[in-house]
Amino acid sequence: MLIIGVDYHPSFQQIAFLNQETGEFGEQRLDHSDGEVEKFYRGLQSQGVHARVGIEATGYARWFERLLAELGIELWIGDAAEIRTLRVRKRKTDREDAKLLLKLLVEDRFPRVWIPNPENRDLRQLLWHRHRLVQMRTRILNQLQAVAMNEGKRWKKRLWNKQGRAQLAQLPLAPWASRRRQDLSELLDRFNPVIVELTTAVEREANKRPEAVRLMTHPGVGPLTALAFVLIIGDPFRFARGKQIGSYVGLVPCENSSAGRQRLGHISKQGNRLLRFLLVEAAQVAVRFDPDWRRRYLHLAMRRDRRIAKVAMGRKLAVRLFWMWRKGWDYSQLVEFGSHAGPLEETPGVQ
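These lines cover the structure that appears in this document, whether it is placed above or below. (Residues numbered from 1 in each chain as written. Predicted model: local features only at pLDDT ≥ 70, side-chain atom pairs only at ≥ 80, totals over all residues. Heavy atoms only, no water.)

Section: the pairing of strand β2 (residues 12–19)
- Of all the eight residues making up β2, eight are buried; the element is thus mostly covered by neighbouring parts of the structure.
- The alternating pattern of β2 places F12, Q14, A16 and L18 and Q13, I15, F17 and N19 on opposite faces, both of which are buried.
- Bridge analysis of strand β1 (residues 2–8) against β2 gives seven bridges, and the strand direction is antiparallel. Paired with I3 across the two strands is L18, which belongs to β2.
- Between β1 and β2, which pair antiparallel one after the other, the connecting turn spans three residues.
- Relative to strand β3 (residues 25–31), β2 runs antiparallel, the two sharing seven bridges. Following the sheet pairing, Q13 is matched in β3 by L30.
- Counting the residues that bridge the hairpin from β2 to β3 gives five residues, and of these G23 lies at a positive phi of roughly 80 degrees. (Buried < 20%, exposed > 50% of the residue type's maximum accessible area, 1.4 Å probe, protein only. Helix = DSSP H or I, 4+ residues; strand = E, 2+ residues; numbered from the N terminus. Pairing = 2+ DSSP bridges.)

Pasting the structure below:
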């Protein structure tokens, strides 16, 4: 087998390879712009070489993953943070990084991570696309509110109904202020139907998945949060306990403890930031409508701070959704039996 460690960059990749049968070792730099990468890996396929490629988890590598999948070359993606801790020397170069990845592959110490399938990744694009469009629409709404408030009109939500839009259009403005109002209004009218279409698509995809439908029985959790949780977590049996979910989505505090003294900082913010945002937002909806959640939130807010309480409730929601999915419970069963009834069954997980 040919083992290849790849230090991947958007414009090139530095590789180090070892043929386990002959002991041959080599290094090479492959540019992405002139077809060297495709030529190299297609050459391996034409020669019938069985290869395994290892890279760190990174962005802008989707085309490379598709190429290796097309050629039938095995690809392992490693945890970048854990690989960083395995670097002994303080010297860091592209060649050294490629050789480190090769060494970890050969010694069977490569920290491989779970990779979602192509359908999962494409649906994540739907979630991100809608999320970014909603953010842009919010900026447009804020600017239109500023235009109205500069004229002494503080209409708040009434600005967005039919009568409010008509009153905004009739405000006497200077030429460039009028142009700004017109352009922003046109953009808003273009964004709204697109967001509605994407929201409908999210609801349709969520309703196709029984696990997402089950999660939506929890107060505050709608199709967007349920679908994002299912897509990003992937398989609940990858995790042995709920605490790992909080760590995976970055809702646990950083820790720098020593000499028997515990020092906790801000949340780690590791993992998918879209899911983290949705969990905190959904937890706030649950606080408004569910008496038990409101009681827990107010208790935390009085003890610590409202911002800390919001994040804590988001983490609690993540753990609850994990147990609902793992045990196949809806919300009423979760309330009746609790999130962890009885000993945890021994189930092999994907590391």
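Examining helix α7 (residues 175–207)
- Given a rise of 1.5 Å per residue, 33 residues ought to cover 48 Å, and the 49 Å separating the end C-alpha atoms of α7 matches this to within 8%.
- For α7, the complete set of buried residues consists of R181, L184, S185, L188, F191, I195, L198, A201, V202, E205 and A206.
- In this structure, the buried residues of α7 make contact with α5 (118–150), α6 (162–170), α8 (210–215) and α9 (223–233). (Expected span 1.5 Å × (residues − 1). Contact = heavy atoms within 4.5 Å.)

Quick look at the side chain of Q284
- With respect to the helices and strands, the residue Q284 is situated in helix α11 (residues 273–289).
- The class for Q284 is buried, based on a relative accessible area of 14%.
- Residues within four places of Q284 in sequence aside, it is in contact with Y297 and K310.

With respect to the packing of aromatic side chains
- By the definition in use, this model includes nine aromatic pairs.
- What links up through ring pairs into an aromatic cluster is the set Y8, F40, Y41, W63 and F64.
- Above the plane of the ring of F12 lies R29, whose end atom (NZ or CZ) is 3.8 Å from the centre. (Phe/Tyr/Trp six-rings, centres within 6.5 Å; stacked < 30°, edge-to-face > 60°. Lys NZ or Arg CZ within 6 Å of the ring centre and 35° of its normal.)

Some details on the packing of α11 against helix α13 (residues 306–327)
- For the pair α11 and α13, the least separation of the axes is 8 Å and the interaxial angle reads 100 degrees. Taken together, α11 and α13 sit at an angle that is classed as roughly perpendicular. Within the contact between the two elements, α11 uses L279, V280, A282, A283 and Q284 and α13 uses K310, V311, M313, G314, L317, A318 and L321.
- For the contact of α11 with α13, the per-class residue count stands at nine nonpolar, two polar and one charged. (Axes fitted to C-alpha atoms, helices over the stretch in contact; angles between N-to-C directions. Parallel < 35°, antiparallel > 145°, perpendicular 65-115°, else oblique. Nonpolar A, V, L, I, M, F, W, Y, C, P; charged D, E, K, R; others polar.)

Examining the sheet that holds strand β5 (residues 74–78)
- Strand order in the open sheet made by the five strands is β3-β2-β1-β4-β5, with mixed pairing throughout. Whereas interior strands pair on both sides, the edge strands pair on one side only; in this sheet they are β3 and β5. Strand after strand, the sheet turns through a mean of 20 degrees between neighbouring axes, direction not considered.
- By the bridge criterion, five bridges tie β1 to strand β4 (residues 51–56) in an arrangement that is parallel. Following the sheet pairing, I3 is matched in β4 by R52.

So, the packing of α6 against α7
- Where α6 contacts α7, the axes come no closer than 10 Å and their chain directions differ by 155 degrees. The orientation of α6 with respect to α7, classified from their angle, is roughly antiparallel. Where α6 crosses over α7, the two elements pack in a sense that is left-handed. Contacts between α6 and α7 involve R165, L168, A169 and Q170 from the first element and R181, S185, L188 and D189 from the second.
- Residues that form the contact of α6 with α7 fall into these classes: three nonpolar, two polar and three charged. (Left-handed = near helix turned anticlockwise from the far one by under 90°.)

No statement about biological role is implied by the geometric values presented.
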